[in-house]
Amino acid sequence: MPAHQLKDTFEVNVYPAFYLSKAALPYLPAGSSVIYTASAEYYTPNKMLLDYAASKFAIVGFSRAFSKQVIDKGIRVNTVCPGPVWTPLEVSGGNPDEGIPVHGLETPMKRPGQPVELAGVYVFLASNESTYVIGEVYGVTGGLSNK
């Protein structure tokens, strides 16, 4: 992997978490919820996705540290780590053509997730039902985190 690929991946996946959080923080009242998205690569990194997996680890670490910084302001911070999910990216170049038919089959559920299957976790974390949840990582992985 060329060094610029690692830099580019972190600039796309990690830096926005920092800059958006910094910009939003003055506008977040007590009771606000910040939800980051990482990946099942946090649980089960693929040797072919070194840069991507490392960036998702960084997002989880950032989220957990940020949650400790803002808890005194009454702001909750958590992370969702999706597993293989059918998204437009998967069929438009994010997955090699030969990977599309087997996308998600490596999960214990033997299928990819659908975006709607993640929605409930995000809604829960954004709602008042999760006022005692902070610094947590929620996997919606089809069982990958349990391997």
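So, here is what we can say about the structure in this document. Because the structure is predicted, anything quoted here is derived from the model rather than measured. Residue numbers restart at each chain and count upward from 1, following the sequence in its written direction. pLDDT decides what is reported in this predicted model: residues at 70 or higher carry local features, side-chain atom pairs at 80 or more are listed and counted, and totals for whole chains, interfaces and linings draw on all residues regardless. Side-chain numbers here rest on the full set of heavy atoms in the structure, without hydrogens or water.

Helix axes are fitted to C-alpha atoms over the stretch in contact, other axes to C-alpha atoms as well, and angles between N-to-C directions run from 0 to 180 degrees. Per the convention used, a helix needs a DSSP run of H or I reaching at least four residues, while a strand needs a run of E reaching at least two, with both numbered from the N terminus. Where helix α1 (residues 3-13) meets helix α3 (residues 50-70), the axes come as close as 9 Å, and the angle between the chain directions of the two elements is 40°. Relative to α3, the element α1 is oriented oblique. When you trace α1 past α3, the crossing you get is right-handed. Facing α1, whose interface residues are Gln5, Leu6, Thr9, Phe10 and Asn13, α3 presents Asp51, Tyr52, Ala54, Ser55, Lys56, Ala58 and Ile59. Under the grouping applied here, Gly and all other residues not named as nonpolar or charged are polar, the nonpolar ones being Ala, Val, Leu, Ile, Met, Phe, Trp, Tyr, Cys and Pro and the charged ones Asp, Glu, Lys and Arg. A breakdown of the residues in the contact of α1 with α3 according to their chemical character gives six nonpolar, four polar and two charged. For classification purposes, an angle smaller than 35 degrees is called roughly parallel, one larger than 145 roughly antiparallel, one from 65 to 115 roughly perpendicular, and anything else oblique. Crossing chirality is assigned from the near helix's rotation relative to the far helix, an anticlockwise turn below a right angle marking it left-handed and a clockwise turn marking it right-handed. Residue contacts are counted whenever heavy atoms from the two residues lie within 4.5 Å of one another.

Pairing of aromatic rings covers Phe, Tyr and the six-membered ring of Trp, with a centre-to-centre limit of 6.5 Å; geometry is then stacked below 30 degrees between planes, edge-to-face above 60, and tilted otherwise. Under the counting rule described, the total for this entry stands at six aromatic pairs. When the ring of Phe18 is compared with that of Tyr19, the centres are 5.0 Å apart and the planes differ by 75°; the resulting orientation is edge-to-face. Only protein chains enter the area calculation, which uses a 1.4 Å probe; residues under 20% of their type maximum are buried, those over 50% are exposed, and those in between are partly exposed. Look at Tyr19 and you get exposed, because its relative accessible area is 51%. A ring pair is formed by Tyr36 and Phe62, whose centres lie 5.7 Å apart and whose planes are at 90°; its orientation type is edge-to-face. With a gap of 26 residues between them, Tyr36 in strand β1 (residues 33-37) and Phe62 in helix α3 connect regions that are remote in the sequence. Given the relative accessible area of 8%, Tyr36 is considered buried. Members of the aromatic cluster, each reached through a chain of ring pairs, are Tyr36, Phe62 and Phe66.

Turning next to the pairing of strand β2 (residues 76-82). Burial within β2 is extensive, with seven of its seven residues counted as buried. Both faces of β2 are covered, namely the face carrying Arg76, Asn78, Val80 and Pro82 and the face carrying Val77, Thr79 and Cys81. One bridge is not enough; two strands pair if DSSP finds at least two bridges between them. Strand direction decides the pairing type here: β1 and β2, joined by five bridges, are parallel. Bridge pairing in β2 places Ser33 opposite Arg76. Look down the strands so they point away from you; if going from the first strand over the helix to the second traces a clockwise path, that crossover is right-handed. The parallel pair β1 and β2, bridged by α3, forms a crossover whose chirality is right-handed. One ladder, built from four bridges, connects β2 with strand β3 (residues 137-140); its direction is parallel. Paired with Thr79 across the bridge in β3 is Val137.

This paragraph deals with the sheet that holds β3. Pairing within the open sheet is parallel, and its three strands lie in the order β1-β2-β3. Either end of the sheet is taken by a strand with one partner, and the two such strands are β1 and β3. Shown here is a sheet whose adjacent strand axes are inclined to one another by a mean of 25°, direction ignored. Contacts between α3 and the sheet are confined to β1, β2 and β3, with β2 contributing the most and set at about 165° to the helix. Sheet contacts for helix α5 (residues 116-126): β1, β2 and β3; angle to β2, the most-contacted strand, approximately 175°.

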